[in-house]
Each structure stands twice: as C-alpha cells, then as structure tokens.
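Structural overview
Spelled out, the chains give:
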Amino acid sequence: GQQVMQIPQYQHVQEGEDFTTYCNSSTTLSNIQWYKQRPGGHPVFLIQLVKSGEVKKQKRLTFQFGEAKKNSSLHITATQTTDVGTYFCAGRKDYKLSFGAGTTVTVRA
Amino acid sequence: ETGVTQSPTHLIKTRGQQVTLRCSSQSGHNTVSWYQQALGQGPQFIFQYYREEENGRGNFPPRFSGLQFPNYSSELNVNALELDDSALYLCASRDTMTGTGNTEAFFGQGTRLTVV
C-alpha cells in the first residue's frame, strides 16, 4: 500500500538557523500537502503542491515537490520560537491522504 | 478556525464498550474523512465518505464504521473498544467532485478518546 516516509523524526534547531525536513512516497502522488501541529492541537494546513517540480514559498518556509511527484521537502530559514511544533507531509492518491510520521521541531533560544 | 467541529472533545470509555464520535463539516463540503492519530504518530486514514457513501477505507477492522448524513455531517462508530484504540480522532472535510481531486482538507480539533 501507499507509504509516506518523513525524516528526520526530530529536529533541534538553534534560533536563527535553517533546517529542512524531507518526505518520500512509495507511489506517485496526485498532490502533497504540508501541515503543522502544535502540541495538544490538530493539524493545520500549510500548503498544497500539485505540479511536478513545483516550488512555493510562504515567508520563511519553502516547499518543493519532486519531479517524479514522489518526494517533497520543507525548508525553514531563520528559525523562530514560533516554528515549534510537528510538521507533517501528507501525500494524496485518489481518495486517500497518507501522512508521514512528522518532524518534531524544537528551538533553542 | 476551520469551520469543522467535532464532539465530544474528550471521552473516556471502558474496554469492550462502543463509542460514537461526531463531526460537523465546513459549510458546502461534501467529503469527510476520519483519521486516527496515536500519540507521537501521524494521522492514519480510517475511511472517507462522499455524498453519504463510504468511498475509501484504510487498514482498519470492520468494528470501525461510519455514517454521513444529508447535511454532510458525519459519525465514526467504534465497537468492542480495545486499549489500543486510545488516540486522537480527527475528521477532515473538503469539497470534491467525486471524492478525489486536489482540494484542501480542513481538520477539526479532534476527539481525544481514552480506553481504560
């Protein structure tokens, strides 16, 4: 079945530094979505990528969708304490949205 | 806020009991999916309802069942509860043509179920 793998599982970042989280699917996807979940909260939609090779930016966040539509990355620059949380990628194929295990980000001030 | 509301927010049940969780979709959204999120893990797809019919299911046993009503609200029912069913249950609604397609899913705040 469809599997979505996400690395790293944990990311400890010094405030002001950059980091990247990676997502890989075992199958070609219709689209990939990224969510952020704060402790005790629910997943909040960040962005959706649909086209092969697509790149989208949201302020300090840069999202990429691979050419084969099987992998994606989220790059955050100049990390801030507000970036704390777990970032999930979720790949959609037909009706099913498959989530990765998430990258939990902590920030050292 | 996403406009997707779930009830109750927290629930404690005993092993072997049955539970019904409810989800009110965002206005105009005809497609509802349910997810189970165990502690420290990503949400796992349970099933999806489109126009009152189940049109997709993940790797969950038949004791996980659901309903979607004409107003597109939805229920998740779990029979014969097991300890491992303890998790955050999330519903997500979106508007689709056939239950598929590239539309954003809006999540509710979830119901935290504890089975003891």
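First, a word on scope: everything that follows refers to the structure included in this document. Note that this is a predicted model, so its numbers are computed, not measured.

**A look at the overall build of chain A**
Helix and strand counts for chain A come out as zero helices and 11 strands. Starting at the N terminus and walking to the C terminus, you meet the elements of chain A as β-β-β-β-β-β-β-β-β-β-β. In terms of overall size, chain A behaves like a compact globule, its C-alpha atoms giving a radius of gyration of 13 Å where 109 residues would be expected to give roughly 13 Å. Along the three orthogonal principal directions, the C-alpha set of chain A runs to about 40 × 25 × 20 Å. When burial is assessed residue by residue, chain A has 48% of its 109 residues classed as buried. As displayed, chain A has an accessible area near 5,200 Å², and 51% of this comes from carbon and sulfur atoms. For chain A, the centre of its 13 positive side-chain charges and the centre of its 7 negative side-chain charges are spaced 7 Å apart.

**Focus: the overall build of chain B**
Summing up its helical and strand segments, chain B has zero helices and 11 strands in all. Order of helices (α) and strands (β) in chain B, N terminus to C terminus: β-β-β-β-β-β-β-β-β-β-β. Taking 116 residues into account, the globule formula puts the C-alpha radius of gyration at 13 Å, and chain B, at 13 Å, falls close to it. Along the longest, intermediate and shortest principal axes, the C-alpha atoms of chain B span 40 × 30 × 25 Å.

**Let's talk about the interface of chain A and chain B**
Between chain A and chain B, the contact holds 20 residues from the first and 25 residues from the second. Summed over both partners, the interface of chain A with chain B comes to about 1,700 Å²; 55% of that surface belongs to carbon and sulfur atoms. On the chain A side of the interface with chain B, the three residues burying the most area are A:His42, A:Tyr95 and A:Phe99, jointly 34% of the side's total. Run the count over chain A and chain B and you get zero salt bridges. Our enumeration of links across chain A and chain B arrives at one residue pair in polar contact (both at pLDDT 80 or more). For the side of chain A that touches chain B, the elements supplying multiple residues, two or more each, are strand S4 (31–37), strand S5 (44–49), strand S9 (85–93) and strand S10 (96–99) of chain A. Looking at which element gives the most residues to the side of chain A that touches chain B, the answer is S4(A), with four residues. Tallied by class, residues from the side of chain A that touches chain B come to nine nonpolar, eight polar and three charged.

**Some words on unusual backbone geometry**
The amide bond that connects A:Ile7 to the next residue, A:Pro8, takes the cis arrangement and shows omega of -5°. Assignment of secondary structure puts A:Pro8 in the loop between strand S1 (4–7) and strand S2 (10–14). Here the bond from B:Ser7 into B:Pro8 is cis, since omega is -10°, no more than 30 degrees from zero. Mapped onto the elements, B:Pro8 comes out in the loop between strand S1 (5–7) and strand S2 (10–13). Phi at A:Ala78 is positive, roughly 45°, even though this residue is not glycine.

**Topic: the sheet that holds strand S7 (residues 64–68) of chain B**
Residues and elements named next belong to chain B. On the basis of which strands lie adjacent, the open sheet formed by four strands has the order S1-S3-S8-S7 and antiparallel pairing. Each end of this open sheet is capped by a strand with a single partner; those strands are S1 and S7. Strand-to-strand twist across the sheet, computed as the mean angle between neighbouring axes with direction ignored, equals 20°. Judged from the five bridges that link them, S7 and strand S8 (residues 74–78) form a sheet pairing that is antiparallel. Paired with Gln68 across the strands is Ser74, a residue of S8.

**What to know about the sheet that holds strand S8 (residues 71–76) of chain A**
All names here are of chain A. Taken together, the five strands give an open sheet; going across it, the order is S1-S3-S8-S7-S6, and neighbouring strands pair in antiparallel fashion. Unpaired on one side and paired on the other, S1 and strand S6 (55–58) mark the two borders of the sheet. Taking each pair of neighbouring strands and ignoring which way they run, the sheet shows an average axis angle of 15°. Pairing analysis gives four bridges linking S6 to strand S7 (residues 61–65), with the strands arranged antiparallel. Note on S7: the bridge partner recorded for Gln58 is Leu61.

About the thresholds
Residues numbered from 1 in each chain as written. Chains lettered and ligands numbered in written order. Predicted model: local features only at pLDDT ≥ 70, side-chain atom pairs only at ≥ 80, totals over all residues. Heavy atoms only, no water. Helix = DSSP H or I, 4+ residues; strand = E, 2+ residues; numbered from the N terminus. Rg over C-alpha atoms; globule rule 2.2 N^0.38 Å. Buried < 20%, exposed > 50% of the residue type's maximum accessible area, 1.4 Å probe, protein only. Areas by Shrake-Rupley, 256 points an atom, 1.4 Å probe, with all protein chains shown as cover. Lys, Arg positive; Asp, Glu negative; His and termini not counted. Charge placed at Lys NZ, Arg CZ, Asp CG, Glu CD. Contact = heavy atoms within 4.5 Å. Buried area = accessible area lost by both parts, 1.4 Å probe. Salt bridge = Lys/Arg side-chain N within 4 Å of Asp/Glu carboxyl O. Polar contact = N/O pair within 3.5 Å; in protein donor to acceptor, adjacent residues only side chain to side chain. Nonpolar A, V, L, I, M, F, W, Y, C, P; charged D, E, K, R; others polar. Pairing = 2+ DSSP bridges. Axes fitted to C-alpha atoms, helices over the stretch in contact; angles between N-to-C directions.

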